[in-house]
Amino acid sequence: DSKSAREIVTLEIGKRIYILMLQPPDDVDVLQSLEGLGVDSLVTIEIRTWWRRSLRLEVSALEILNAGTIQGLGELAINGLQAKFMTKTEVLVSQ
C-alpha cells in the first residue's frame, strides 16, 4: 500500500535526521520543520550524501531545504522513487 510505504520512508528519513541532530530517533515528529530542528548547510550535505547512498537518488541541497519538513522530504523521496522505477518499468514493458 502506497500510504504505508510513504509513512515508512518518511519515518526512516526522520530517524536519520534526528540521529544527525543528536536527537533521540524515537521522538521523530514528521511535521517538525527542518529549520526548527536546526538543520543547517552542513547537515543538509550530510542528508544529501545519505540520500544518494541509501535511496540512490539525486537530490540538491536546495531541494532538501525547500521540502521544509521531514514529511516534505518523505514526499520528495517517494516522488523520486516512483519516477525512477516507473521509468524502468516503462522501458521493460515497451521491449
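Residues numbered from 1 in each chain as written. Predicted model: local features only at pLDDT ≥ 70, side-chain atom pairs only at ≥ 80, totals over all residues. Heavy atoms only, no water.

Pulling in residues and values, what's your account of the confidence of the model for the protein chain?
Taken residue by residue, the protein chain gives an average pLDDT of 91. The fraction at 70 or more is 88%. When pLDDT is averaged over each helix and strand of the protein chain, the minimum, 82, is found for helix α5 (residues 70-94) and the maximum, 97, for helix α4 (residues 61-67). (pLDDT = per-residue confidence, 0-100. Helix = DSSP H or I, 4+ residues; strand = E, 2+ residues; numbered from the N terminus.)

Go over the nonpolar core with me, naming the residues and quoting the values.
Counting residues in each nonpolar core, the largest one holds 22 residues, and the members touching the most others are I13, I17, V39 and W51. Elements that contribute at least two residues to this core include exactly α1 (2-20), α2 (34-37), α3 (41-55) and α5. Aside from chain neighbours lying at most four places away, what touches I13 is W50, W51, L73, G74 and A77. (Core = buried A, V, L, I, M, F, W, Y, C linked by side-chain atoms within 4.5 Å. Buried < 20%, exposed > 50% of the residue type's maximum accessible area, 1.4 Å probe, protein only. Contact = heavy atoms within 4.5 Å.)

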